[in-house]
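Breakdown of the fold
Listed below, chain by chain, are the residues.
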Amino acid sequence: MKIKLTFWRIVFLVIMAMGLYSTYVRYLRGLGAVSNMTDQFPWGFWIGFDCLCGVMLAAGGFCMVGAVYLFNVESLRSVVRPAVLTAFLGYLLFIVGLLFDLGRPWFIWHQLIYMNPRSVMFEVGFCVMTYTTVLFFEFLPNVFERLNWKKPVKWIHRIYPILIVLGILLSTLHQSSLGSLYLIMPSKLHPFWYTPALPFLFFGSAVAVGLAMTIFESTQSATALGRHLELPVLVRLGGALLVALWVNALLRFEDFFHRGLLRQMIRPSYEAYFLWLELALTFFIPIILLSFKKVRLSPHGLYLASVISLFGFITNRLNVSLIGFETYVGHHYVPKWTEFSVTLMIIAMGFALFRVAVQYLPIFPKDSVQVRNASNARLAVPLASPVMEHAGH
Amino acid sequence: MSKALLYDSTLCIGCKQCEQACATQNSLPYNDSIAAEEYPSAHKLTAVLTGNGKFMRRLCMHCEKPACASVCPVGAFHKTKEGPVVYSVGKCIGCRYCMAACPFSQPKYEWGSLNPRVRKCIMCPDRVSAGQPTACAEACPTGATKFGERDDLVREARDRLNQDPSNYLPRIYGLHEVGGTSILILAAVNVEEFGYPASEKVGDIPLPEYTGRVMDHIPDFIPVWSLVLGGIYWISHRRAEVAAAEAEEKKNGSAQ
């Protein structure tokens with residue numbers, strides 16, 4: 001088999017090469033050499049993006065499982081498998097990211113023996129560990145079906161109700177707890193982002209992100225795989241996203257109002273700029289876009305609105321974890337290029353693994369698989385190019 | 001019962017004997033260039049700061065209800081009954097939540113190490129449990145740093161404020177901050193000028209309570225939410241079953 005070097009494959013290789021160099025710096029020269037983290041900024045880009053955003057962006061799994069298996073929304077069934085796959089990969093990569101960020105990653109298993117139940121971090125770690133196992137079982141039928149093992153598929157179907165309830169329970173707990181992590185820092189985190197409502201806001205935004213992410217990945221894989229795009233599914237998700245964004249926006253502004261911040265928000269300040277950037281991307285632009293029926297019915301419009309809101313929620317997580325601390329610390333934190341390159345490498349790995357998985361496993365419905373096989377010869381190579389198109393985002 | 005340190009900055013002459021004693025006690029290097037560093041770090045667990053001819057010590061405050069101990073996922077920090085907040089390096093996984101959570105930003109990190117530790121003043125726990133004062137208090141030539149029972153030291157601090165009100169700002173920093181700390185500070189100037197967080201900013205509530213308000217609900221939340229989710233599952237699947245059965249019945253009915 002001959003692998004052709006396309007543009008995106010070269011980008012992929014460059015990202016991997018830079019990432020491997022940074023990995024070398026991380027493990028052979030230490031956290032100080034690889035990052036711009038300091039005693040004043042002990043949590044940097046890896047916590048802000050890889051952990052907070054990574055887990056948030058994997059929320060599509062529990063949202064779609066909830067919609068289809070819990071509420072029996074039959075029309076969304078075709079997106080459950082890709083959503084579960086994204087979530088499973090997302091959590092695995094989150095753990096990879098953690099191995100970079102932890103100072104003593106070789107002791108990560110200490111979570112299992114030295115438990116501190118009062119620690120939010122312990123709760124998050126424990127939930128992520130269990131939920132990744134749940135996702136593994138939710139993902140397994142893909143492999144069994146591919147291998148044509150009928151019995152194990154039946155066994156998993158028997159425990160499916162437990163997996164579903166457990167998965168959603170664990171997701172509720174740790175998605176909200178990522179917000180609770182910051183509850184102990186009332187004097188450090190800027191009041192725009194420090195609120196007792198943090199766990200609720202984090203959970204609410206995870207649901208919206210789950211919907212937006214499903215639209216994003218469905219569109220993305222449809223173009224990449226030359227699949228037929230299931231527009232009715234996207235339209236349905238887009239409608240749900242609009243509702244979710246409204247609920248999130250109302251919660252958010254009620255919180256600002258309740259804490260008397262509105263006046264401070266309209267006064268120009270470093271934090272205010274980032275806050276309005278975040279609010280514009282998360283709420284104003286996508287809500288206005290999705291309010292037009294034309295946008296809600298067009299695949300491009302839905303894609304655009306979802307991607308903008310995803311950027312908004314990513315800005316939110318970075319504001320909570322990085323920007324919100326700069327005034328307290330008294331100086332800016334700008335990640336080193338090696339920090340970015342590790343993150344980029346992890347994202348690229350995610351895209352590549354997703355591509356390989358949909359290539360070999362029955363992730364997408366059968367009819368579209370046939371379309372794919374018949375029409376698209378370039379997909380014979382597993383590490384194909386278009387997957388990488390958005391790796392840099 | 002609980003021991004504490006009273007630091008009276010009006011008595012401090014900036015001799016840095018405490019720094020030197022601390023370095024010796026913790027087997028850390030100490031020389032002129034380290035002495036010149038005016039901030040605690042992984043290799044300097046206490047620092048004497050100079051500003052406008054006044055001096056101020058910075059070190060771990062040994063909170064009564066320490067945030068670091070409450071956030072650590074593996075319980076690497078705990079407050080001993082004698083008062084020191086100590087660190088077990090053998091448990092630490094390096095998540096640095098302690099550093100992020102500490103209102104005084106006192107835990108520091110060995111960023112250059114390949115097996116990094118969190119470093120901070122641990123209030124000489126071996127000496128304290130043996131009934132000795134901390135190394136810094138023993139080394140202090142003027143009594144600016146005084147070791148003793150917290151209750152006694154609070155009383156003494158109040159006496160000093162009453163006897164010589166013109167010499168001090170009328171407050172004991174650490175008495176109520178974040179629910180009280182084992183380091184008590186008297187000063188003629190605002191400690192905030194030396195990087196301490198303002199009292200009104202950190203408040204009187206022990207920080208673990210902010211987390212506790214949420215964490216306390218989790219044991220109730222788990223069974224209730226599981227039941228709700230299970231209930232929804234059951235109802236929606238039961239509805240589908242009933243709908244299927246009805247459709248079947250209709251079909252049979254029309255066939256007859």
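As a convention, each chain's residues are numbered from 1 in the sequence order in which they are written. Lettering for chains starts from A, numbering for ligands starts from 1, and both go in the order in which the items are written. Residues qualify for local features only when their pLDDT is at least 70, as the model is predicted, and side-chain atom pairs are given and counted only at 80 or more; totals for whole chains, interfaces and linings, by contrast, use all residues.

With that settled, consider the overall build of chain B. Each helix and strand counted, chain B has ten helices and nine strands in total. Relative to the 2.2 N^0.38 estimate, which gives 18 Å for 256 residues, the radius of gyration of chain B is 27 Å and therefore markedly larger than a compact globule would have. C-alpha atoms of chain B, sized along the principal axes, occupy 105 × 45 × 35 Å. If you take every contact in chain B between residues at least 6 apart in sequence, the share linking residues at least 24 apart comes to 62%. By the criteria applied, helices consist of DSSP H or I runs no shorter than four residues and strands consist of E runs no shorter than two, each listed in order from the N terminus. The reference for a compact globule is 2.2 Å times residues^0.38; the radius of gyration itself is calculated from the C-alpha atoms. We call two residues in contact when their backbone-placed C-beta atoms lie within 7 Å.

Counting its regular elements, chain A contains 17 helices and zero strands. For chain A, whose C-alpha radius of gyration is 21 Å, the value lies close to the compact-globule estimate of 21 Å for 393 residues. Dimensions of chain A, computed from the C-alpha atoms along their principal axes, are close to 60 × 55 × 45 Å. Every one of the 393 residues in chain A was classed for burial, and the buried ones make up 48%. Taking as baseline every contact in chain A between residues at least 6 positions apart, the subset at least 24 positions apart corresponds to 80%. As a rule, residues whose C-beta atom has 12 or fewer other C-beta atoms within 10 Å are exposed, those with 20 or more are buried, and those in between are partly exposed; C-beta atoms are placed from the backbone.

All names here are of chain B. Spatially, the three strands line up as an open sheet ordered β8-β1-β9, and their pairing is mixed. Two strands bound the open sheet, and with one partner strand each, they are β8 (145-149) and β9 (183-186). With direction set aside, neighbouring strand axes in the sheet form an average angle of 25°. Two strands are counted as paired when DSSP detects at least two bridges linking them. Convention adopted: a line fitted to C-alpha atoms gives each axis, helices being fitted over their contacting stretch, and angles between N-to-C directions are expressed from 0 to 180 degrees.

Do not read the predicted coordinates in detail wherever pLDDT is low. Model confidence for chain B is summarised by a mean pLDDT of 94, while 99% of its residues fall at 70 or above. Scoring of the predicted complex yields 0.91 for pTM and 0.91 for ipTM. A residue's pLDDT is the confidence the predictor assigns to it, expressed on a 0 to 100 scale.

With 38 residues of chain A at the interface, the matching set in chain B holds 47 residues. Elements with a minimum of two residues in the side of chain A that touches chain B: α2 (31-34), α6 (110-113), α7 (120-147) and α8 (150-180) of chain A. A per-element tally of the side of chain A that touches chain B places α8 of chain A first, with seven residues. Basically, the charged four are Asp, Glu, Lys and Arg, the nonpolar ten are Ala, Val, Leu, Ile, Met, Phe, Trp, Tyr, Cys and Pro, and anything else, Gly included, counts as polar. Partitioning the side of chain A that touches chain B into residue classes produces 22 nonpolar, 13 polar and three charged.

Residue and element names in this part refer to chain A. Inspection of the secondary structure assignment puts S75 in the loop between α4 (60-70) and α5 (77-101). With 158 residues separating them in the primary sequence, S75 and V233 have C-alpha atoms 6.6 Å apart. When neighbours within four sequence positions are excluded, S75 is seen to be in contact with P232, V233 and R236.

Residue and element names in this part refer to chain B. For strand β3 (residues 54-58), the tally of buried residues reaches four of five residues, placing the bulk of the element in the interior. With five bridges joining them, strand β2 (residues 47-51) and β3 adopt antiparallel strand pairing. Of the residues in β3, the one forming a bridge with V48 is R57. Remark: two residues form the turn of the hairpin made by β2 and β3, two consecutive strands paired antiparallel; N52 in that turn has positive phi of roughly 55°.

Residue and element names in this part refer to chain B. The side-chain alternation of β9 yields two buried faces, one formed by I183 and I185 and the other by L184 and L186. Of the pairings in the sheet, the one linking strand β1 (residues 3-8) to β9 comprises four bridges and is parallel in character. The residue bridging D8 from the neighbouring strand is L186, located in β9.

One full turn of an α-helix is made of 3.6 residues, so residues set three or four places apart face in the same direction. Residue and element names in this part refer to chain B. All buried positions along helix α1 (residues 17-25) are accounted for by C18, E19, A21, C22 and A23. Lining the buried residues of α1 we find α2 (32-36), β2, β3, α6 (135-139) and β8. Looking one or two residues beyond α1, the residue adopting positive phi is S27, at roughly 50°.

α4 of chain A sits mainly inside the fold: ten of its eleven residues count as buried. At the C-terminal side of α4 of chain A, N72 of chain A shows a positive phi close to 60°.

Turning next to unusual backbone geometry. A positive phi angle is found at S27 of chain B, which is not glycine, with a value near 50°. Within the element layout of this structure, S27 of chain B appears in the loop between α1 and α2.

With that settled, the discussion passes to the packing of helix α9 (residues 198-225) of chain A against helix α10 (residues 231-258) of chain A. All names here are of chain A. Running from amino to carboxyl end, α9 crosses α10 at an angle of 155°, the nearest separation of the two axes being 9 Å. Between α9 and α10, the interaxial angle falls into the category roughly antiparallel. The chirality of how α9 crosses α10 is left-handed. Contacts between α9 and α10 involve F200, L201, G204, S205, V207, A208, L211, A212, T214, I215 and S218 from the first element and V233, L234, L237, G238, A240, L241, A244, L245, V247, N248, L251 and R252 from the second. Here the residues of the contact of α9 with α10 sort into 16 nonpolar, six polar and one charged. Should an angle lie under 35 degrees it is considered roughly parallel, over 145 roughly antiparallel, and from 65 to 115 roughly perpendicular; all remaining angles are considered oblique. The hand of a helix crossing depends on one turn: near helix anticlockwise from the far one by less than a right angle means left-handed, and clockwise means right-handed.

Here L186 of chain B shows up in strand β9. Classification of L186 of chain B by C-beta neighbours within 10 Å gives buried; the count is 25.

Moving on to the domain arrangement of chain B. For every domain, the bounds stem from an assignment made automatically or drawn from a database. Taken as a whole, chain B is organised into domain 1 (3-209) and domain 2 (217-255). For domain 1 of chain B and domain 2 of chain B, the distance between their C-alpha centres works out to 59 Å.

With respect to the helices and strands, the residue W43 of chain A is situated in the loop between α2 and α3 (45-57). A count of 22 C-beta atoms within 10 Å places W43 of chain A in the buried class. For the pair formed by W43 of chain A and S75 of chain A, sequence separation is 32 residues and the distance between their alpha carbons is 42 Å. Residues in contact with W43 of chain A, not counting those within four places in the same chain, are S321 of chain A together with R96 and A100 of chain B.

All names here are of chain A. Contact pair α3 / helix α16 (residues 337-360): the axes reach a minimum separation of 10 Å and the direction vectors enclose 10°. Between α3 and α16, the interaxial angle falls into the category roughly parallel. Across the interface between the two elements, F45, W46, F49 and D50 of α3 pack against E339, T343 and I346 of α16. Of the residues in the contact of α3 with α16, the class split is four nonpolar, one polar and two charged.

Another point: the confidence of the model for chain A. Counting all residues, the mean pLDDT for chain A is 89, and 92% of those residues have values of 70 or more. Note on residues 368-393 of chain A: pLDDT is under 50 here. Beyond four places in sequence and across chains, it has 45 contacts.

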